Every structure is written in structure tokens, then in C-alpha cells.
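Residues per chain, in single letters:
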Amino acid sequence: MDKEYSHKIIEEEAQKYWGEKKLFKTDFSNTKNKFYCLSMFPYPSGELHIGHVRNYAIGDLISRANRMIGKEVFQPMGWDAFGLPAENAAIQNKVHPSEWTKGNIASMKKQLNNLGFSYDWESEISTADPKYFKWEQWFFLKLLKKDLVYRKKSEVNWDPIDKTVLANEQVIDGKGWRSGAVIERKEIPQWFLKISAYSDELLSSIDELNQWPDSVKMMQKNWIGKSEGATVFFEIENSEKRIEVFTTRLDTIFGATFLAVSPNHFIVDDNLKKDEKVGNFLKKHSSMKVSEETLSTVDKEGVYTGMNAIHPLSKKKIPIWIANYVLSGYGTGSVMSVPAHDERDYEFAIKYNLPVEIVIKPKNSKKETKVFLDDGVLRNSGNYSGMSSREGREEILKDLKKSKLGNNKINYRLRDWGISRQRYWGCPIPVLYHDDGSIYPIPEEQLPVELPFDINFSHDGNPLENHPEWKHIKCPYTGKDATRETDTFDTFFESSWYYLRFLSPMDSENLLAPDRKKWLPVDQYIGGIEHAILHLLYARFFHKLMRDEKIVNNPEPFSALLSQGMVLNQGIKMSKSKNNTIDPNDIIKKYGADTARVFIIFAAPPDQNLEWSDSAIEGSYKFLKRLWMLSYSINSKKKMEAEESNVKDEENLKNLKKKIHNTIKKVTKDIFERKNFNTAVAAMMELLNELIKFNSLSARSEDTLIEGLEVLLKMLSPIAPHITHKIWFELGHTVPIMSEKWPIADEDALTDANIEIIVQINGKLRSKIIVTQDESENSVTEKARNCDKAKKHLDNKTIEKVIYVKNKLINFVVNQ
Ligand code: ANZ
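Residue numbers here run from 1 along each chain, matching the order of that chain's written sequence. Under the rules for a predicted model, residues below a pLDDT of 70 receive no local features and side-chain atom pairs below 80 are neither given nor counted, while totals for whole chains, interfaces and linings still include all residues. To obtain the side-chain values, all non-hydrogen atoms of the structure were included, while hydrogens and water were left out.

A.B. asks: Is there a simple way to think about the overall build of the protein chain in this case?
C.D. replies: Each helix and strand counted, the protein chain has 26 helices and 34 strands in total. For a compact globule the rule gives 2.2 Å times the number of residues to the power 0.38, and the radius of gyration it is set against comes from C-alpha atoms. A compact globule built from 816 residues would reach a C-alpha radius of gyration of about 28 Å, whereas the protein chain, at 36 Å, exceeds it by more than 25%. Each principal axis of the C-alpha distribution contributes one length, and for the protein chain these read about 115 × 80 × 50 Å. Counting every position in the protein chain, which comprises 816 residues, the buried fraction comes to 53%. In this analysis, two residues are considered to be in contact whenever any of their non-hydrogen atoms come within 4.5 Å of each other. Long-range pairs, those at least 24 residues apart, make up 72% of the contacts in the protein chain between residues at least 6 apart in sequence. Every helix listed is a DSSP run of H or I at least four residues long, and every strand listed is a run of E at least two residues long, numbered separately from the N terminus. Categorising residues by exposure relies on relative accessible area from a 1.4 Å probe, with only protein chains included: less than 20% of the type maximum marks a residue as buried, more than 50% marks it as exposed, and the intermediate range marks it as partly exposed.

The following block contains the structure:
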């Protein structure tokens, strides 16, 4: 064994060994012990960033530790390979997106391997591979058949620089998330996936995810946004038409002093648009798409339609306004406005001088706020006055139902998912159009629909649309001229089901090989908190779709979820634009992969943010160097098998043993139960200190010392796999450490060496004494007889009998 710790040689050697012996390959026949551990796969940007390293260090720790407790671990890795940056690179550097992507995959794979992650590379997938996306197209056609996808003209967020549609979440402060361009509103035909048909199930099954963080579950619940209320019809004066509103506060209906409709509500017809004021208002507001988040902050603006509605209960006339704060896509796109009890309505009413009528008063306090939002007691509400809000809602609904002017209604905030993008580097949507616009699926046997390789990015807009031949085909059903769909899928489509394909990436007959179904669900999923809503919701949705297609048997894709925190530098997130990134390659070069991994695991609990620190990296490096030095020292002593111990101290040995087994207990709990990996490392660092201390006192390689070192190596091996691998062999073992069993704490070693014994005289408690465990009966009797408190009662008496219960009590029976 070398005296110096040289991480580079050690790490290369270990990686080579693992690769040659194929130690990370999964035995899929061992389903009984299966453990599917998955870290979110990366977009192949070319560079692994520190957030990836954190995600993957956590995943690899969990994988390796589970292997050691006898699980058959499957830990795959792949590439979320479609997406806009490849296309932008093609435009800027004149390199084909597929070449660019392949090059990046190669370099990132190398970086992952340099970090020593134990992936089963035989299961690697790339979503840009036709072998992958063929199944995506196949599945899309299944959904098309079931009417779970549809094409509809819809208003989109249009990014005029990237020339593409963006999802609401990709619009930040009215600007494109990548380009920074001011987003425009545009109506184009889009493909949608009916996620709304699954709102209820997606919501209710959240409660079954008992190994998911509460915060993520809460975010998903809010995103789905179940809202229970009622719809109410308001007749329009001098018209056959009626306006239906959605409300969660039927108890406030007597306070409705006007109706507000969205700018594209059906009552805003051509006739009304001719009105100058209305026309101007519409012109101004058509350029701005009001998202739900901005709804509460925008300046409330509106225009009177000149029309009035009849209040269904009071029969009073109330004006109908068009208002910018009413969303067209939510509920019915119209609101009964109650300024006294809703802040948006209040702001609007004050601005346009509309009446404010208080109809709810607080139950207990006399204090009335300007806009009272809570439930309370009804007043000025006809026969319903005096009822509680709850009772009011029930009674009013009953009566409205009777007169067919209202009904119960549950609304979800969740909208259908727009899945089409007007870009080249994505999975083609497998349909074709006839001249008359009718839609036909590409026949299954013609899948995959591949992208044309020759593509020109110098035009504006969708390169596929501009390709001279690709889209022109003969209809396979009629032989007539037809055109292909030129939109490609949103890349979230690919990442919604990739965890399934990892299980049988090469299967050309099935999306998921039937005999691999048993490997689901994923036992542990690990990823960034930024994916708490979309990716995880889409994957849950896809899993339910797959279940309904009988591709999988269970309802949820991920049993346990760990959302790792961000990596910060000087209190802010690392990012290129902030110029505060740390390149993992530099760290690996200088200190090695093991140090990088120990630092990342030790610096913070996995779900908390981690603050970058150069000195803490140094600390982790020193820890590994000290481990190396200790191992070297013990190894040398073992080889010399030397002189007698100079301090053969039983007491010390016993204490060391206790420390070792206490550490096993703590680390096991931290890793497998609490998932608090940082405190596990802290405990291992403490143990190392004890071992070093003991070693310095002893000239021999005591068995207990070796036991301690080996336990430490095993428990550290999932975090620092290379150094532990090397030392293990140096200690003379022939089986690699990763194939060893996880250590088990010996409860006997944990019990305290000193115990308390109760001293009784004639059955009465008189004293307590401290003895060492298993001390001889004679010695305990002597100590008990001579302790002060007992002595008092024993003096001048004859001891007739001594009853001794080992390690518990001693009772002297004396004559009275
Ligand atoms: C009358 C009322 C009185 C309301 C009151 C609230 C408080 P959630 O819980 O989010 O579903 N609303 C309905 N449709 C809308 C739309 N398209 N755009 C904007 N606002 C809309 O909220 C439902 C409430 O939001 C409904 O209840 C309605 O206002 C408003 F004191 O009706 B409420």
C-alpha cells in the first residue's frame, strides 16, 4: 500500500475494475429484491453542472447502500435529448442538432463515469433515438383513438424571437424564459392532451404518496386546484340569452352588484364590438394575455356593455361589464361581482363607481374590515338573512336548483396540456392532413416518423414547415396527396415516460416488455425541486394513461421522492448569467471524485440548499487523507505483526467497540430511514477520529481497530466508492467492497459496560451501587455490604441469606 493518497490513480483503477467486472449490471430476474433507483436524467447541454453532481451523488449513494443490504438495484441513466438549445447551437455554430447532441452526450457520459456513478449503461436511452420515440408516437396514436388528444385553435404565448409557442410556465414577467422577448398573443391550431380528464384522480391519489415530501404534494394539489362551488344563471334584460357564472361564494349572492365577463365571452359579439368604447377596450387588452398569477396584480380595467342582467333572487337589475381580470379559460369566463367581499371586485367597483353592498358580517367580532372575505352571517339577503355562510350556501343552492337557475359545480384549475411546438429538434407528431384539413393517423407499421436530416435553419419559423419535401406525402389510406404534421412534441412529452423505457430500451415489440412490469414503480426517484409540478404531474398522468392501456399494473410511477435542494454560491443560485458557477471538472481534477461526493453529501441535508465552500472541500479532502493514513498505518502494523501491545487496555477496547457499533446504528438509521446523509457522514468522521486516537496508543493492529476500520470503509463506500474500494483490497480482501454486506450493529456491544445494582435489605431498597457488567458475585457482595447506606443497617446484624440477581439486584436477609 502506498503511503500517499493519490486519488487520480485510485479512481481510474476502481472505475476500470467495476467496468471490466460489470458490477453495475442488474439481474432483472431477481424481482423479489428489486430496487429501482432513478435520478432525473439530464438534458445533454455538454457540461455537467454542480446541480447534476448533487442529484447523482445522492442517487448513487442510495443505490450503492441498497445493494449492500441485499437489494437488486437498477440504476439507469440516459438523455433528455430533444430541445431548443440544440437548434440554437445549429444556428450559431452551423453544426447539426443531432451531431451537437451526440457530442454532448459523449462528453457528459465521460464526466459521469469520472465521478464513479454505478449506472447500468446497458439500459442507456436517448429520447432523440428513433428506437425511443417510435413508442412515443405509438402511444400518441392510442390516445388519439381514445379521444384523449385533440387539435384545437387556441390562443398561445408566442415568442417572437424563438418563434415558438411557450407554455405559461415558460413566460416569466411577460417575457420568454430563454429569449427574453416580450410575449405576444396568437391564435394557432395546437395539439392538446386531455389531462383535465384525470384531474380528480391526479388529485385524490396524491394522498397515497406517503413517501413524497409534503411540500411537493401541496404544490401539486394547488396546481390541480380543485374548487367546489356552484354555477348560477343570470337572465339578460331584453334578451333570450343568459349568463352563467361560477362562484364559490353563493352566500354572497345578494351582494352581487354587477356581472363581469372576460373580453372573449360570447356576449361580446360583433355588434357589441362596433361600439367605440368597447372596441377600444378590446384592442388594448388583446395584446396582453393575463395569466392567473398576474391576475391579482394587474390594474383592474373594464368597460360597460350597455346591457343589464336580472338578479335571479332579488330580481334587481345589475349592469354587465367586460373586465380584464376575468379569465376566459376558467369556470364560465364570467363572474358575479361582490365588491364588499372580494378584493378584485372591490378595486373595480371603486374605480368605476359601482355600488358596494355588505351582505356578510363577521360572526364573533364587531370589527368590520373594508372588504370582509371570510365566512360569517348573512344579512340584507332576504329570507336568508341570519343564516351562517355555510347554511346560506346550502339553502340558496337548493332554491336555485328548484327554479333551474343554478347547480353544484366543481372546477379544476388544471388545463389541458398543449403539447405541440413549432420546432425541428423534437419528436414528430405522427399524423397527416388531407387538403380539406381532415386528420389521419400515420399507420402503426410506418412508425417511427423520423426527422429529415437535411434541414435549413436560415428561415424564420418552423424548419420542418419550410423543408421542401419532407411534409409532402401520399396518404397511405387513399393514395391522395397529403401533408405531414410539422409540429413536434413538447419535450416534456419524452420525459413523462422515460422511466418505463429504461426497463426494456431495446424491445422492438413493446413499449415496456411485459416481464419487466414487476420492476415498477420506481422505488426511489431523485430530482430538483423545480420539477415539483410539471414533470412530476405529467409523469403521474402518463402512468395513469399507461395503466388504462394495460401497459403497467400500478397507479403511480414513483413510490418515494427526494427533492434535492439547490446549490448556492454566496447565497444565490449558481448560474452562468451570475458568473458564480463552479465547474465540477476542476474539483475532480484537484481533489478527486470521492472528495467532491463527500463534500456534497456532508455539506447539507439532501433536501436543503447547499452553500458552496472551498474550505469545506478542503475539509472533505483531509478526511479522506486521514482515512488513508490510518489504513496505511494499520496495514503496516499488521504486516509486521509486532511487539506486544504497550497499552493493552481492556476498558479502552470496550469503549471503542461501543463507539463502532453505535456508529453503525446511527449511520444505518440516517441513510435508510431518515435519509439524512450529512449526519451519517458526521458520525463516520467521529468514528475515524476515535480510530486514529486508538491507533496512536497501540503498537498492535488490534482486532477491534481493524473491525472499526472495516465497518467505516463499508459504510463510507456508497459515498466515497473509490478510496474504500482500494483500501479494502489492500487489507487483504478478495471480494470487492461494494459486494460486501452492510454492517449490523451488535446490541451487546452497545450496552453500557457499567451497570447499576439495587441493594436491598430484607426486600427494602437501601442503596444503589455501580459495578461493571458481569462482575463476579463475590465482588458485588463485598461492594454492596460495604457501601455507606447499607452498612448502617447491617452493622450488628447477622446476614442469614444473600439473594443475588445478576446485573440487577442484591438482597441481604438479616435477623431482626
Ligand atoms: C362571487 C364571489 C364573492 C367570489 C366573494 C369570491 C368571493 P376559485 O376558488 O379560484 O375557484 N371567478 C370565477 N370565475 C372566474 C374567472 N373566469 N376569472 C376570474 N375570477 C373568476 O375562485 C372562484 C371565485 O373566483 C368565484 O367566486 C368568482 O368570484 C371568481 F365574496 O363569485 B366568486
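A.B. asks: How do you make sense of the sheet that holds strand β28 (residues 567–569) when you look at a structure like this?
C.D. replies: Where strands meet in a sheet, backbone hydrogen bonds hold them as pairs that are either parallel or antiparallel. Two strands pair under a simple rule: DSSP has to find at least two bridges between them. Strands sit in the order β29-β28-β30 across an open sheet of three strands; the sheet is mixed. Single-partner strands in this sheet number two, and they are β29 (572–573) and β30 (610–611). Sheet analysis places β28 next to β29, joined by two bridges and oriented antiparallel. Directly across from N569, in β29, lies its bridge partner I572.

A.B. asks: I'm lost on the pairing of strand β33 (residues 799–805) in this one. Help?
C.D. replies: Regular strands place side chains that alternate from one sheet face to the opposite one. Sheet topology places β33 next to strand β34 (residues 809–814); six bridges connect them, and they run antiparallel. Residue K801 lies in a different strand from β34, and its bridge partner there is V813. Between β33 and β34, which pair antiparallel one after the other, the connecting turn spans three residues, and N807 there sits at a positive phi close to 65°.

A.B. asks: Please clarify how the packing of aromatic side chains should be interpreted in this entry.
C.D. replies: Two aromatic rings are characterised by how far apart their centres lie and by the angle between their planes. Only centres within 6.5 Å qualify two rings of Phe, Tyr or Trp (six-membered ring in Trp) as a pair; their planes then separate them into stacked at under 30 degrees, edge-to-face at over 60, and tilted for everything else. With the rule as written, the count across this model stands at 48 aromatic pairs. With centroids separated by 5.6 Å and ring planes inclined at 65°, the aromatic side chains of Y498 and F502 adopt a geometry described as edge-to-face. Considered together, Y498 and F502 belong to a single accessibility category, that of buried residues. Taken together through their ring pairs, the aromatic side chains of F139, F140, W191, Y198, W417, F489, F492, F493, Y538, F541 and F542 make up a single cluster. Lying across the ring of W18, R64 places its NZ or CZ 4.5 Å from the centre. Note on criteria: charge over ring means Lys NZ or Arg CZ within 6 Å of the ring centre, with the direction from the centre no more than 35 degrees off the ring normal.

A.B. asks: Is there a simple way to explain the pairing of strand β10 (residues 226–236) in this structure?
C.D. replies: As paired strands, β10 and strand β18 (residues 406–412) are joined by seven bridges and run antiparallel to one another. Within β18, the residue paired with S227 across the bridge is N411. Relative to strand β11 (residues 242–247), β10 is paired through six bridges, and the arrangement is antiparallel. The residue bridging V232 from the neighbouring strand is V245, located in β11. Taken together, β10 and the strand that follows it, β11, pair antiparallel across an intervening segment of five residues, in which N238 is found at a positive phi of about 55°. Sheet analysis places β10 next to strand β13 (residues 302–310), joined by two bridges and oriented antiparallel. In the strand pairing of β13, I236 is matched with A309.

A.B. asks: What is the right way to look at the packing of helix α22 (residues 703–716) against helix α23 (residues 721–730) in this model?
C.D. replies: For any two helices packed against each other, one specifies the inter-axial angle together with the distance between the axes. Here α22 crosses α23 at 145°, and the two axes come no closer than 9 Å. Crossing handedness for the pair α22 and α23: left-handed. Only T724, I727 and W728 of α23 make contact with α22, whose side of the interface consists of E710, L713, K714 and L716. The residue inventory of the contact of α22 with α23, partitioned by class, reads four nonpolar, one polar and two charged. In this analysis, axes come from line fits to C-alpha atoms, helices being fitted only over the stretch in contact, and the angle between any two N-to-C directions falls in the range 0 to 180 degrees. The crossing is said to be left-handed when, going from far helix to near helix, the turn is anticlockwise and less than a right angle, and right-handed when the turn is clockwise. Three classes are used: nonpolar for Ala, Val, Leu, Ile, Met, Phe, Trp, Tyr, Cys and Pro, charged for Asp, Glu, Lys and Arg, and polar for all others, with Gly counted as polar.

A.B. asks: How do you make sense of the site of the ligand when you look at a structure like this?
C.D. replies: Proximity criterion: a residue is near a molecule or strand once any of its heavy atoms comes within 4 Å of it. S227, T247, Y330, H341 and R413 are the nearest of the 18 residues found near the ligand. As used in this structure description, the phrase polar contact means that two N or O atoms lie within 3.5 Å; if the pair is within protein, one of them must be able to donate a hydrogen and the other to accept it, and residues adjacent in sequence are counted only when both atoms belong to side chains. The contact in question runs from an oxygen atom of the ligand to an N or O atom on the side chain of S227, over 2.6 Å. The contact in question runs from an oxygen atom of the ligand to an N or O atom on the side chain of T247, over 2.7 Å. Coverage of the ligand by the protein amounts to 88% of the 650 Å² it exposes when considered alone. Mapped onto the shell around the ligand, the elements with two or more residues apiece are β11 and β15 (334–337). Broken down by class, the residue content of the shell around the ligand amounts to eight nonpolar, six polar and four charged. For every accessible area listed, the method is Shrake-Rupley and the probe measures 1.4 Å; residues are considered covered only by the protein chains on display.

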